[in-house]
Amino acid sequence: MIIRTRLATGVCALLAALTAGLAFPAGAAAGEPTGRDAPKVDLVLDVSGSMRARDIDGQSRMAAAKQAFNEVLDATPEEVELGIRTLGADYPGDDRKRGCKDTAQLYPVGPLDRTEAKTAVATLTPTGWTPIGPALLKAAGDLNGGDGSKRIVLISDGEDTCAPLDPCEVAREIAAKGIGLTIDTLGLVPTAKLSRQLSCIAEATGGTYTSVEHQDELTDRVNQLVDRAADPVVTPVPAEGAGRCAGAPTLKSGLYTDREEFGQQRFYRVDVRPGQELRASVSVAADRAVNPGYGVLMRAVTSKGREIVRGEAAGNGRTDVISTGLRYPKAGSDDEDAPAEAVCLAVSHSFSAASGVKATPGLPLELTVDVVDAPGEAGDVAAFGLGRGWWLLGVLILTGFLAGLVWGWLSRWRVAVWRTN
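Read on for a plain summary of the structure. (Residues numbered from 1 in each chain as written. Predicted model: local features only at pLDDT ≥ 70, side-chain atom pairs only at ≥ 80, totals over all residues. Heavy atoms only, no water.)

This brings us to the sheet that holds strand β14 (residues 341-349). The 4 strands lie next to each other as β9-β14-β11-β12, forming an open sheet whose pairing is antiparallel. Edge positions in the sheet fall to β9 (265-272) and β12 (307-315), since each has one partner strand and no second. Geometrically, the sheet is characterised by an average inter-axis angle of 15 degrees between neighbouring strands, direction not taken into account. Sheet analysis places strand β11 (residues 294-302) next to β14, joined by 7 bridges and oriented antiparallel. The residue of β14 that forms the bridge with arginine 299 is alanine 346. (Pairing = 2+ DSSP bridges. Helix = DSSP H or I, 4+ residues; strand = E, 2+ residues; numbered from the N terminus. Axes fitted to C-alpha atoms, helices over the stretch in contact; angles between N-to-C directions.)

Put into structure tokens, the structure is as follows:
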């Protein structure tokens, strides 16, 4: 019994070692950052009358925001160009038209002078309305130009008071411009309605929403967002897909962004030469309320419409982003002057807008295209189909056969010894 137990343990250890040694994981290649200009951040602060409320660590919301800003200004990386915009800081009256225009650049986006910025923040007094939508439009203009990362950090304690200019729709319009701008939102002691509004604004541009009830939470979160702006990023290039393959824009290797309407199909063209492989993936984000049960389909087709390969994925409402991809290797040719093949990528999705939700602009779409030299060795995963799994399967079969022989020999030896004794 002891011999049998030890032998079984040894065989299991051998199989585990062989499996670990042969199952080589494929490493993912990271994209190279494309942004060269300095990263830009615009801090947008609500200075409306409700900021007088004293419910953040025994002090007013305005005092907590000022203290947080001073600490953030001290910690801002040198390479970040930072600005400060206010909303509701100047007009204390009841004229709604004037109140909804009350947004101003307190400190312009550019190289940071910490003393000057702190002095400007110290002058702020809670005053008027909460024009979030107009402030976001102006902040997007503050960050215009350059190919570095752009980020708006909105801090508010109340929902927008300037409807029908819905700040969520404003955020979607900003995202639809394809300028690579992200909006992060922070709610000070938020209500359920404010949380929904700020979450919608952030989700429309791929940003984040955070609920804040303490001054140190506010400082830490704003610091994180400013530091994140300094991280290298790959900025998507705007691309407008066509309704037919014939009029599709030609894309090279890179990251692209577009908008796709509900029930629409978008086409993009990629030239693939003999001996090259096309690798493409697409992600579609639900930046508004959608019905559960949806999917995304990506097809590679010839210029005549014949399907070459496809990739598809389905969702059930538990996630707001769904992705799929495909690979198409073009056979090599002995003719060095062989022309490239025009391959069209057709992208469609089955999202549907929930009741009462606007269908425009379309849902944000991010497309990755990579044209590389096709695999020339049989050891490549794409060439093998199952990849290195064939080698692993063969080794496991051989190992099992040898283990069976050893087990049989030991069993016969034990029987022989037992009979002798």
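And the narrative resumes.
Attention now moves to helix α7 (residues 192-204). Helix length check: α7, at 13 residues, gives a terminal C-alpha distance of 18 Å against a target of 18 Å (1.5 Å per residue), a fit within 8%. Those residues of α7 that fall on the buried side of the exposure criterion are Leu194, Ser195, Gln197, Leu198, Ser199, Cys200, Ile201, Ala202 and Ala204. Looking at the buried positions of α7, the neighbouring elements they touch are α5 (132-142), β4 (150-156), α6 (167-176), β5 (181-188), β6 (209-212) and β8 (254-260). Positive phi shows up at glycine 206, right after α7, with a value of about 80 degrees. (Expected span 1.5 Å × (residues − 1). Buried < 20%, exposed > 50% of the residue type's maximum accessible area, 1.4 Å probe, protein only. Contact = heavy atoms within 4.5 Å.)

Within this model, the largest pocket holds a volume of roughly 950 Å³. In terms of lining residues, the largest pocket is bounded by 45 residues, among which Thr205, Pro236, Thr257, Pro364 and Glu366 are the most central. Only β4, α6, β5, α7, α8 (215-229), β8, β10 (276-285) and β15 (363-373) provide two or more residues apiece to the lining of the largest pocket. No other element matches the 4 residues that β8 contributes to the lining of the largest pocket. (1 Å grid on protein atoms, 1.4 Å probe; cavity = no way out; pocket = protein on both sides within 12 Å on 5 of 7 lines; lining within 4 Å. Points joined across faces, edges and corners; volume = space filled by probe spheres on them.)

Turning to the sheet that holds β6, a few remarks are in order. Pairing is mixed in the open sheet, where 6 strands are placed in the order β3-β2-β1-β4-β5-β6. Looking at the sheet topology across the chains shown, the edges are occupied by β3 (103-110) and β6. Each strand of the sheet is rotated relative to its neighbour by a mean of 15 degrees, with strand direction disregarded. In terms of strand pairing, β4 meets β5 through 7 bridges, oriented parallel. Directly across from leucine 154, in β5, lies its bridge partner threonine 185.

In short, shape yes, function no, at least from these values alone.
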